[in-house]
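Observations on the three-dimensional arrangement
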Amino acid sequence: MMFGPAFLSNPDNERLIKRWRGIITSNSRVGVYRAGQAIFRRPNVLPLLGAVRTPTLLMTGADDMPTPVETARRAQQAIPDAELAIIPAAGHSSPIEQPEAVTKRLTSFLAAHAAVPAS
């Protein structure tokens, strides 16, 4: 669920997948349960997003199951002037799956919104 099909099917990623599976499964089951409850029981914040007034970049993997592209689009539409980056060939863990694409998009966004020094 955390990785997209392109990442999972690439044999070059076996070591990394094994590493992350170990990290994920080493978490406390009680802690994971509580985190899940916090996520799934929280109130819907979509109606509040219109109050956001800072430059906003939303990113999601094209194959993200927990946060599908359509969910990210709804958030983007709710935030004034928000940008949405859809990372190709990535799931929910796009920084792990496509680190170069994520870094490039994030760097570009930050450069475009860097504070201009006062003269």
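This text follows the structure it describes.
The structure reproduced in this document is the subject of the present report. (Residues numbered from 1 in each chain as written. Predicted model: local features only at pLDDT ≥ 70, side-chain atom pairs only at ≥ 80, totals over all residues. Heavy atoms only, no water.)

1. A word on the overall build of the protein
- A tally of regular secondary structure across the protein gives six helices and two strands.
- Helices (α) and strands (β) of the protein occur, in sequence order from the N terminus, as α-α-α-β-α-β-α-α.
- With the C-alpha coordinates of the protein rotated into their principal frame, the extents come out at 50 × 35 × 30 Å.
- Burial analysis of the protein (119 residues in total) assigns 24% to the buried set.
- Considering only contacts within the protein whose residues lie at least 6 apart along the sequence, 66% involve residues at least 24 apart. (Helix = DSSP H or I, 4+ residues; strand = E, 2+ residues; numbered from the N terminus. Buried < 20%, exposed > 50% of the residue type's maximum accessible area, 1.4 Å probe, protein only. Contact = heavy atoms within 4.5 Å.)

2. Structural notes on helix 2 (residues 14-25)
- Between its first and last C-alpha, helix 2 extends 16 Å over twelve residues, near the 16 Å set by a 1.5 Å rise per residue.
- In terms of burial, helix 2 is largely open, as just one of its twelve residues are buried. (Expected span 1.5 Å × (residues − 1).)

3. Section: the nonpolar core
- Judged by nonpolar contacts, Leu-49, Leu-58, Ala-72, Ala-75, Ile-79, Ala-82 and Leu-84 together constitute the single largest core of seven residues.
- The residues contacting Ala-82, other than those within four sequence positions of it, are Thr-56 and Gln-76.
- Core analysis: the second largest hydrophobic core is formed by six residues, Ala-85, Ile-87, Ala-90 and Val-102 among them. (Core = buried A, V, L, I, M, F, W, Y, C linked by side-chain atoms within 4.5 Å.)

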